[in-house]
Amino acid sequence: FTERLQAQKNLSLLLKECASLRDQSNVQFELHLVGDGPLRLELQAEAAHLGLSDRIVWHGWPPRDQLRGIYQASHCFVNPSFYEGMPNAVLEAMACGKPIVASSVAGNDVIVQHGTTGFLFPLERPDLLRQSLKTLIDDPVRAQEMGWKGRDWVKSDFSWDYVAGAYAQLFGNHQQAC
């Protein structure tokens, strides 16, 4: 996870589902939380209460040149947000070849292709977050394939060249309409 630690990002859900994942399936994992914000101390206390302290690495905001290495060392990327715009962190993780597990809210649902580049889960079904994580942990080959498909898709549809061309076309069409 790489974002600001605030209510919108729904990290409490992620912590609870990670605790359930550990308790129900005894799966080994380490959760890397990159970012900082107003909920950091509260989230650290919740993680301790859930018995997750030994499974979480709190990175804070690392230097930008170290962020890629954190993405690349991860198995997947999780974004359980209540709402999004265009989540750059999801695009960055996909560009690094990581499969995504994200809430099926506007923004995430445009970027993540469910079952192909990752998994989307409805907020009212948090158990599907846990199930998606377990699927990626249990099947690293599938996780890697999803990650590479996501990387290819981001390179083709979200590259600077592609986006700049889309804007140029949009503005060109707008000028003709005026």
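Described in the following lines is the structure provided in the data block. Bear in mind that the values here come from a model prediction, so they are computed numbers and not experimental data.

## Describing the pattern of salt bridges
On inspection of all chains with the given rule, the structure shows seven salt bridges. Between D138 and K134 there is a salt bridge, with its nearest N and O atoms 2.4 Å apart. Pair noted here: D138 and K134 are both in helix α6 (residues 127-138), with a separation of four residues, about one helical turn. For D138, a relative accessible area of 48% corresponds to the partly exposed category. Here K134 falls in the partly exposed class, since its relative accessible area comes to 29%. Taken together, the shared-partner salt bridges connect E3, K9 and E84 into one network.

## Focus: the environment of G35
On the secondary structure map, G35 appears in the loop between β1 (31-34) and α2 (40-49). For G35, a relative accessible area of 1% gives the class buried. Taking the C-alpha atoms as reference, G35 lies 5.8 Å from T2; in sequence the two are 33 residues apart. Each residue touching G35, except ones within four places of it in the same chain, is listed here: E3, L5, R40, G60 and W61.

## Focus on the environment of L15
With respect to the helices, strands and loops of the structure, L15 is situated in helix α1 (residues 11-25). Taking the C-alpha atoms as reference points, L15 and E46, 31 residues apart in sequence, are found 7.8 Å from one another. Look past the residues within four positions of L15 in its chain and what remains in contact with it is L31, L43, E46, A47, L50, L52 and I56.

## Remarks on the sheet that holds strand β3 (residues 77-79)
Taken in spatial order, the three strands make up an open sheet running β3-β4-β5, and their pairing is parallel. Either end of the sheet is taken by a strand with one partner, and the two such strands are β3 and β5 (118-121). The average angle at which neighbouring strand axes cross in this sheet is 10°, direction not considered. Across three bridges, the pairing between β3 and strand β4 (residues 100-103) is parallel. Bridging across to β4, V78 finds its partner in V101.

Rules used in this analysis
- Residue positions are given per chain, counting from 1 as you read along its sequence in written order.
- Restriction of local features to residues with pLDDT of at least 70 applies here, the model being predicted, together with a cutoff of 80 or more for giving and counting side-chain atom pairs; totals for whole chains, interfaces and linings are based on all residues.
- Side-chain numbers here rest on the full set of heavy atoms in the structure, without hydrogens or water.
- We define a salt bridge as a contact between a side-chain nitrogen of Lys or Arg and a carboxyl oxygen of Asp or Glu at a distance within 4 Å.
- Counting from the N terminus, the helices are DSSP H or I runs at least four residues long and the strands are E runs at least two residues long.
- For the exposure calls, accessible area comes from a 1.4 Å probe over protein chains only, and a residue counts as buried if that area is under 20% of its type's maximum, exposed if over 50%, partly exposed in between.
- A contact between two residues is defined here by any heavy atoms of the two lying within 4.5 Å.
- Strand pairing is assigned whenever DSSP identifies at least 2 bridges connecting the two strands.
- Between N-to-C directions, angles span 0 to 180 degrees; the directions come from axes that are lines fitted to C-alpha atoms, helices contributing only their stretch in contact.

Treat this as a map of the structure, not an account of what it does.
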